[in-house]
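Here's the letter readout for the chains.
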Amino acid sequence: MIKVQNLSKEFVLTRKLQKEFQTNNKKNIAVDDVSFTCHKGRIFSLLGPNGAGKTTIMRMLSTLVQPTSGEIEISGINVLKEPREARKKIGFLTGSSGLYARLSGLELVKYFADLYEVSPQLFEVRKEKLFTLLGIHEFQHQRIGKMSTGMKQKISLCRTMIHDPEVIVFDEPTSGLDVIAAESIIQLISDCKNSGKTVIFSSHIMSEVDLLCDDLAIIHKGKIIYNDSFEQFKSQMTTESLTKEFIHLIHQQELS
Amino acid sequence: MIFTIFKKEFIDTLRDKRTIITMVVIPVLLIPLLMTISIKFTKSKTEEAKNKALRIGVVNLDSSDSFEALLLKIPNEFGQRDFFKFKDTIELKRKVKNEELDFALFVPKDFKSSVDSFYQSKLKIYFHSGNIGMGFKINYFEEFIKKQMIAKRLKKLQIDEKQINPIEIKQLDMATSKEMLAQIAGGILPYLFIIFGFMGCMYPAIDLFTGEKERGTLETLLTTPVLRWQVLIGKMLVVILSGILSATFTLFGLFLSMEVFQLVEDPKIKDLIYQILNVKFILQFYFIFIPLIVFFAGFIISLALRAKTFKEAQSTIAPMNAVIILPAFVGFIPGIELDWSTACIPIVNVVLACKEMIADTLYFPHLILSFGMMIVYATIAVLFSYKKFDNEGNLFL
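What counts and what doesn't
- Residues numbered from 1 in each chain as written.
- Chains lettered and ligands numbered in written order.
- Predicted model: local features only at pLDDT ≥ 70, side-chain atom pairs only at ≥ 80, totals over all residues.
- Heavy atoms only, no water.
- Phe/Tyr/Trp six-rings, centres within 6.5 Å; stacked < 30°, edge-to-face > 60°.
- Lys NZ or Arg CZ within 6 Å of the ring centre and 35° of its normal.
- Domains from an automatic or database assignment.
- Pairing = 2+ DSSP bridges.
- Helix = DSSP H or I, 4+ residues; strand = E, 2+ residues; numbered from the N terminus.
- Contact = heavy atoms within 4.5 Å.
- Axes fitted to C-alpha atoms, helices over the stretch in contact; angles between N-to-C directions.
- Core = buried A, V, L, I, M, F, W, Y, C linked by side-chain atoms within 4.5 Å.
- Buried < 20%, exposed > 50% of the residue type's maximum accessible area, 1.4 Å probe, protein only.
- Buried area = accessible area lost by both parts, 1.4 Å probe.
- Salt bridge = Lys/Arg side-chain N within 4 Å of Asp/Glu carboxyl O.

Undergrad: Any chance you could explain the packing of aromatic side chains here in plain terms?
TA: How two aromatic rings sit relative to each other is set out by the distance from centre to centre and by the angle between their planes. One pass over the structure, following the stated rule, counts 26 aromatic pairs over all chains. Taken together, the aromatic side chains of Phe193, Phe281, Phe285, Tyr286 and Phe289 of chain B make up a single cluster linked through ring pairs. The cationic tip of Lys110 of chain A hangs over the ring face of Phe123 of chain A; the distance from NZ or CZ to the ring centre is 5.1 Å. Directly above the ring of Phe112 of chain A sits Arg159 of chain A, whose terminal nitrogen or CZ lies 5.3 Å from the centroid.

Pasting the structure below:
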């Protein structure tokens, strides 16, 4: 389970960043007093336009970025007090994360298993299972730099799951992928849910949300503007499609 | 965990062509090859110049042949010489200017009579300063002519040369061959080690820090339970090892130059070089050199962490080579020695310590102080790089 309470993140803007964002403000509030809960065996979608604060939330959940205020609890562990213990429970996959091109698929997966302190016996069992499931065996010794996007994606998935995490954080996992490569990710998210894991994923692809989502939070300019079950969201829709409803909500928020 | 990261990063680095070129190929092959080519080229040019006859123009307005007789007495110190006679200076000057003549002598018409009557005659020498290396040959001719004329006049005056030349100065060099060699090698060796040590650190540091950030792999790595300082140390050890290996390969390259490319032909000098590069020297050298490489690693990593792209990191760090070259050059300047104050200046202390090691004149407390100071600088650089690595603003694009 993931429990987020009154989470905020402010970034100090250096002169360089002020120029980049074309602002005179010395601080930028990326996440503003956000609270939500992701339950075990359910998929929680974090939806929002670009720059809404999705990635910052995901990075705070994964202990990459320190929150300015608020609390995060992952499987009963306070992330701020015990970040190392929390990381052992998390699997993290983003669409922008790369792989080590000069390593082979097997070397990369083994490297991450070692970093997560997976025992050699357990590694063999999990590797066998994941390699068979994803069809990695044939190209496991190939250098990642010479792999196709689909192959790389499979290695990424295997890397994320090798320590059998309780909580999985997917930050726009399918961005930049074609439908076939994206399919394996969607399948994995679905499998994670079925095996009782807690899944949180951020996206702005409505079809994925429609397919996977159990609970939904919409974030805009760092604030949560909707947080309930996906069923509830669909029942309250005033437009004919998810995309239109999402745009409508954002516009409404802009006007208010 | 540190070892897991180190092992992976080292394998990754060894598979990077750019690093291998900087770390192995350039110091082992390219430098010895370039050194051999340049030394052999200079040698062949010197030989060529030695065998080439000097072309000397002469305008002799004096009717007597005394000056020409004098010219023939000049020993063949610089190989053969050919004299070309001219009637006036117009053609003579043109040929000197066009470097068709190496230099030319103008003898006035009253040359013999002036000399014989104890007056002073004026001899002109035309030369072209663009004709490099000719200066000292002209001086030699000038000195010889002057000496001959003075000797002749003193004889006429029946004066013993010793009467007007009360002292004879004899210079006796007390430096051992090892010390003389240390003056040259003491400049070159530390210079090469420092430059290659720095370059050896540069590419792995950019690849392991900026490169990882750019490729998006750093984010994934930091979500693992490994502590941030462990990640930094694991990676830094690879950067340090690359710097040390690069310098070691430079040493190996010098060995190759002597053994394979026959860079040093004189067996005495060769023996002397091997005497210098003994186990004691190598141990002392690494003792002082390793903290310097740690200092470089910390410094370069801090810069690499600030950059967002590989290109940006390269353009920030590469100019630092110039900053490193300056203190590394100190070894070539005579008169600067390792003392209590120079031992406190980073890079300079390593260069001077290395020079003293080669000359076998190292004062051990100076080495200890240099080592201590380098440890302080290296610690500051490592802590600074940790501060940068711990700053989340530096880790993500």
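Continuing now.
Undergrad: Looking at this structure, I do not really get the domain arrangement of chain B. What am I missing?
TA: Accessible area lost on assembly of the parts is the figure often given for the size of an interface. According to the domain assignment, chain B consists of domain 1 (2-33 + 175-394) and domain 2 (54-164). Between the C-alpha centres of domain 1 of chain B and domain 2 of chain B the distance comes to 56 Å.

Undergrad: When you look at the sheet that holds strand E5 (residues 77-78) of chain A in this model, what are you seeing that I'm missing?
TA: The strands making up a sheet are joined through hydrogen bonds of the backbone, oriented either antiparallel or parallel. Residues and elements named next belong to chain A. Taking strand neighbours across the sheet as the criterion, the four strands line up as E2-E1-E4-E5 in an open arrangement whose pairing is antiparallel. Edge positions in the open sheet fall to strand E2 (27-38) and E5, since each of these has one partner strand only. Two strands pair when backbone bridges link them, and strand E4 (residues 69-74) and E5 are joined in this way by two bridges, in the antiparallel orientation. Its bridge partner lying in E5, Ile74 is registered against Ile77. Packed onto the sheet, helix H2 (residues 54-61) meets strand E1 (2-12), E2 and E4 and runs at close to 115 degrees relative to E1.

Undergrad: Explain the nonpolar core to me, please; I cannot follow it from the model alone.
TA: One broad trend across soluble globular proteins is that nonpolar side chains are buried collectively. Of all hydrophobic cores here, the largest spans 167 residues; its most connected members are Ile218 of chain A together with Ile194 and Phe296 of chain B. The residues touching Phe296 of chain B, leaving out its near neighbours within four places in the chain, are Ile194, Gly197, Phe198, Cys201, Ile324 and Ile347 of chain B. By size, the runner-up hydrophobic cluster in this structure holds 18 residues, among which are Leu54, Leu70, Leu71 and Phe103 of chain B.

Undergrad: What is the right way to look at the interface of chain A and chain B in this model?
TA: At the junction of the two partners, chain A supplies 32 residues and chain B supplies 28 residues. Around 2,800 Å² of area is buried between chain A and chain B when both sides are counted, 54% of it from carbon and sulfur atoms. Contact with chain B buries area across many residues of chain A, yet Leu64, Tyr100 and Arg102 of chain A alone supply 27% of it, more than any other trio. The tally of links between chain A and chain B comes to six salt bridges. The residue Arg15 of chain B makes a salt bridge to Glu107 of chain A at a minimum N-O spacing of 2.8 Å.

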